[in-house]
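Take a look at the letters that make up each chain.
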Amino acid sequence: MREVISLMAEIVNQIHDVLITIFDGLGFGLSDKDLHFWIIGIIGIVTFFLVYASFKLIEKWKWSITVISFIYTFTVMVVLVFAIEIQQAITNRGNMEFADAVIGLWGFVVFFVVYALLALIIYFTVQFMKNRKK
């Protein structure tokens, strides 16, 4: 996990340096805060439009709220899992491993699949009983 975070940090640092060099070469002379403002702002708005378009498509599905709830919960779980792993690295309590993060997320996915299967069984049972009464 440390290696993955170190690699990601190195990639971000390289991109940061390239962007600063490019903008300086164009005469913009952006500060670090200016660069963060523009880059994070652009990434955020592009992400918003992609999420918005995706959710507009999903809303047409029968169980759209369930799908959107799963996506949101999974996103929160990713943040939580990595926060826990980073906390373990900072406090030296436990091992910071990428595999721990992945297996933790698999735990959520498995529990969700069990929930979804039970919900589908109940749904189809109720539908069967309603149709049988008619």
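The rules behind each value
- Residues numbered from 1 in each chain as written.
- Predicted model: local features only at pLDDT ≥ 70, side-chain atom pairs only at ≥ 80, totals over all residues.
- Heavy atoms only, no water.
- Helix = DSSP H or I, 4+ residues; strand = E, 2+ residues; numbered from the N terminus.
- Rg over C-alpha atoms; globule rule 2.2 N^0.38 Å.
- Contact = heavy atoms within 4.5 Å.
- Areas by Shrake-Rupley, 256 points an atom, 1.4 Å probe, with all protein chains shown as cover.
- Lys, Arg positive; Asp, Glu negative; His and termini not counted.
- Charge placed at Lys NZ, Arg CZ, Asp CG, Glu CD.
- Phe/Tyr/Trp six-rings, centres within 6.5 Å; stacked < 30°, edge-to-face > 60°.
- Buried < 20%, exposed > 50% of the residue type's maximum accessible area, 1.4 Å probe, protein only.
- pLDDT = per-residue confidence, 0-100.
- Patch = residues over 30% accessible without salt bridge, like charges linked within 9 Å, V, L, I, M, F, W, Y side chains within 5 Å.
- Salt bridge = Lys/Arg side-chain N within 4 Å of Asp/Glu carboxyl O.

(A) Structural context of the overall build of the protein chain. Looking only at helices and strands, the protein chain has four helices and zero strands in total. Starting at the N terminus and walking to the C terminus, you meet the elements of the protein chain as α-α-α-α. Against the compact-globule benchmark of 14 Å for 134 residues, the protein chain has a radius of gyration of 22 Å, which places it well outside the compact range. Taking the principal axes of the C-alpha coordinates as reference, the protein chain spans close to 75 × 40 × 15 Å. Long-range contacts, defined here as pairs at least 24 residues apart, represent 45% of the contacts in the protein chain between residues at least 6 apart. For the protein chain, the exposed area adds up to about 10800 Å²; of that, 73% sits on carbon and sulfur atoms. Averaging the coordinates of the 10 positive side-chain charges in the protein chain and doing the same for the 10 negative ones gives two points 31 Å apart.

(B) Molecular detail of the packing of aromatic side chains. If you walk through the whole model with that rule in mind, you get twelve aromatic pairs. Aromatic pair phenylalanine 70 and phenylalanine 108: ring centres 5.5 Å apart, planes at 15°, arrangement stacked. On the criterion of sequence distance, the pair formed by phenylalanine 70 in helix 3 (residues 64-91) and phenylalanine 108 in helix 4 (residues 98-133) is long-range, its members being 38 residues apart. Taking the relative accessible area as the measure of exposure, phenylalanine 70 reaches 23% and is therefore partly exposed. Residue class for phenylalanine 108 comes out buried when judged on its relative accessible area of 17%. A centroid spacing of 6.4 Å and a plane angle of 35° characterise the contact between phenylalanine 74 and phenylalanine 108, whose relative ring orientation is tilted. Residue phenylalanine 74 is found in helix 3, and its partner phenylalanine 108 is found in helix 4; the two are separated by 34 residues along the sequence. Residue phenylalanine 74 is classed as partly exposed on the basis of its relative accessible area, which comes to 28%.

(C) Structural context of the environment of leucine 80. Within the element layout of this structure, leucine 80 appears in helix 3. The exposure class assigned to leucine 80 is partly exposed, which follows from its relative accessible area of 41%. Once the C-alpha coordinates of leucine 80 and tyrosine 52 are considered, the two residues, 28 residues apart in sequence, prove to be 23 Å apart.

(D) Examining the confidence of the model for the protein chain more closely. Here the protein chain shows a mean pLDDT of 89. Residues at 70 or above account for 99%. When pLDDT is averaged over each helix and strand of the protein chain, the minimum, 85, is found for helix 1 (residues 2-25) and the maximum, 92, for helix 4.

(E) How the structure looks around the side chain of serine 64. As for its position among the elements, serine 64 is in helix 3. Among all residues touching serine 64, those that are not within four sequence positions of it are Ile58 and Glu59.

(F) Expanded view of a nonpolar patch on the surface. A surface patch of nonpolar side chains, amounting to about 1100 Å² of accessible area, comprises Val4, Met8, Phe98, Val102, Ile103, Trp106, Val110, Phe111, Val114, Leu118 and Ile121. Where the nonpolar patch is concerned, the elements lending two or more residues are helix 1 and helix 4. Along the chain, isoleucine 103 falls in helix 4. Here isoleucine 103 falls in the exposed class, since its relative accessible area comes to 58%.

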